[in-house]
Amino acid sequence: MLIGVIGAGVAGLTAAFEIARAGAPHGAEVELIEKAAEPGRGCSHYAGGMIAPWCELQSAEPIVATLGEEALAFWTKDIPVAKVAGSLVVAPPRDRAELTEFSRRTRRFERLDADGLAALEPALAGRFSGGLYFPQEAHLEPRAAMAALFEHLQTMDNVRIRLCADSVPRADWIVDCRGFAARGALAELRGVKGEMLVLRSEEIELFRPVRMLHPRHPVYVVPRGEGVFMVGATMIENEERSRVTARSIVELVNSAFAIHPAFAEAEIVETGSDVRPAFPDNLPRISRQGRTLYVNGLYRHGFLLAPALARRVARFLFTGDIFPEVMNANQGEWADARDRGAHIGTPHRGIGL
């Protein structure tokens with residue numbers, strides 16, 4: 001049995017890993033196909049890397065947190081690249097109501113007063129009157145995480161990798177993880193542009209991601225180590241991939257300055273943007289068209305959701321299990337595949353990238 005996985009972003013890499021791991025006892029082989037010269041060059045390259053399922057309840061549906069909890073085990077045990085240091089949420093004094101509303105929507109947090117906040121993050125002492133601390137959450141450096149996962153795939157006996165590839169060979173199943181590039185097959189898919197910048201400052205030390213709430217310009221700052229920080233939060237409803245606007249940079253820097261004034265003097269190391277794939281409800285979906293499974297719609301939760309979706313794809317392929325919470329199209333077709341044995345079928349002719 002041969003399964004082709006298209007796309008080597010975080011969705012494709014995790015799918016190849018879980019399918020290869022589950023398929024080894026069945027004699028299944030995985031071929032990972034990527035049109036770029038190296039993995040992880042799409043929107044995963046610019047991700048924040050926050051594994052924060054409970055924080056995301058503030059704006060996401062409960063299913064995002066449920067699926068996201070699986071990512072904590074994946075990124076700390078299966079591919080151990082994440083640091084469990086928790087997440088911190090703060091708000092300026094005039095926006096304290098935002099913090100109250102955030103607490104109503106989320107869970108698994110501890111309330112901090114000013115002293116508790118200063119003990120947790122000394123760099124923020126005296127800057128905020130309190131905050132919310134989510135101690136079980138984690139963060140990772142996305143590029144390092146994808147490199148580690150790709151390296152692990154290269155050691156698996158039943159995985160073949162083709163880079164700079166523009167077509168897919170005959171296979172029993174195709175798992176399409178191309179993100180926004182798959183819109184031709186997924187009519188509802190839309191692009192949501194995200195912009196980020198990376199700053200370097202020797203004056204600031206943070207130990208965990210800090211989210212600052214604001215009704216118009218919320219922001220998160222993720223420490224990368226050695227005085228480097230990723231700053232992001234923009235969500236723009238357009239499909240323009242590479243252009244970073246001056247307006248967004250100004251807003252991100254101003255918001256970071258509100259967290260700590262030293263960010264105003266920080267060196268800008270990098271800026272970047274890309275388009276994140278989303279369905280109208282902003283929820284992930286595994287869709288089926290014949291012998292092709294589309295893993296898509298991860299929106300702004302790529303590293304948080306990819307492990308859970310990958311595991312469900314693998315279970316469908318080798319046991320026929322169906323997961324209605326993410327396989328929400330044509331349940332009859334899914335059931336038909338299960339009853340026949342999802343892993344039995346004629347080879348797929350392949351599709352172009």
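Everything here concerns the structure above.
Not measured: the values here are computed from a predicted model. (Residues numbered from 1 in each chain as written. Predicted model: local features only at pLDDT ≥ 70, side-chain atom pairs only at ≥ 80, totals over all residues. Heavy atoms only, no water.)

### Quick notes on helix α6 (residues 246–259)
Here α6 is 14 residues long and its end C-alpha atoms lie 20 Å apart, about the 20 Å a rise of 1.5 Å per residue gives. For α6, the set of buried residues is Ser248, Ile249, Leu252, Ser255, Ala256 and Ile259. Down the axis, α6 shows its buried residues gathered within 135° of arc, on one side only. Set apart from the buried face of α6 by more than 90 degrees, the exposed residues are Ala246 and Arg247. On its buried side, α6 packs onto β10 (190–200), β11 (210–212), β12 (219–225), β13 (228–232) and β14 (267–278). (Helix = DSSP H or I, 4+ residues; strand = E, 2+ residues; numbered from the N terminus. Expected span 1.5 Å × (residues − 1). Buried < 20%, exposed > 50% of the residue type's maximum accessible area, 1.4 Å probe, protein only. Arc of directions from axis to C-beta. Contact = heavy atoms within 4.5 Å.)

### Some remarks on the pairing of strand β1 (residues 2–6)
The buried fraction of β1 is high, at 5 of 5 residues. Of the two faces of β1, both are covered, the one formed by Leu2, Gly4 and Ile6 as well as the one formed by Ile3 and Val5. Taken together, the 5 bridges between β1 and strand β2 (residues 29–34) define a ladder with parallel strand orientation. The residue of β2 that forms the bridge with Leu2 is Glu29. Following the chain from β1 across helix α1 (residues 10–23) to the adjacent parallel β2, one finds a crossover that is right-handed. Here β1 runs beside strand β9 (residues 173–176); their pairing, made up of 4 bridges, is parallel. Bridge pairing links Ile3 to Trp173 in β9. (Pairing = 2+ DSSP bridges. Right-handed = clockwise from strand over helix to strand, strands pointing away.)

### A look at the sheet that holds strand β6 (residues 130–134)
Strand-to-strand pairing in sheets goes through backbone hydrogen bonds, with the strands running parallel or antiparallel. Sheet architecture is open: 8 strands sit in the order β5-β6-β4-β11-β12-β13-β10-β14, paired in mixed fashion. At either margin of the open sheet sits one strand with a lone partner, and together these are β5 (110–113) and β14. On average, each strand axis in the sheet is inclined to that of its neighbour by 25°, with strand direction left out of account. Note that β11 and β12 share 3 bridges and pair antiparallel. Bridge assignment links Val210 to a residue of β12, and that residue is Val221. Strand contacts of helix α3 (residues 96–105): β4 (87–90), β5 and β6, with the helix running at about 25° to β6, the strand carrying the most contacts. Here α6 sits on the sheet and contacts β10, β11, β12, β13 and β14; the angle it forms with β10, its principal contact strand, is near 55°. (Axes fitted to C-alpha atoms, helices over the stretch in contact; angles between N-to-C directions.)

Interpretation note: all reported values are geometric properties and have no functional meaning in isolation.
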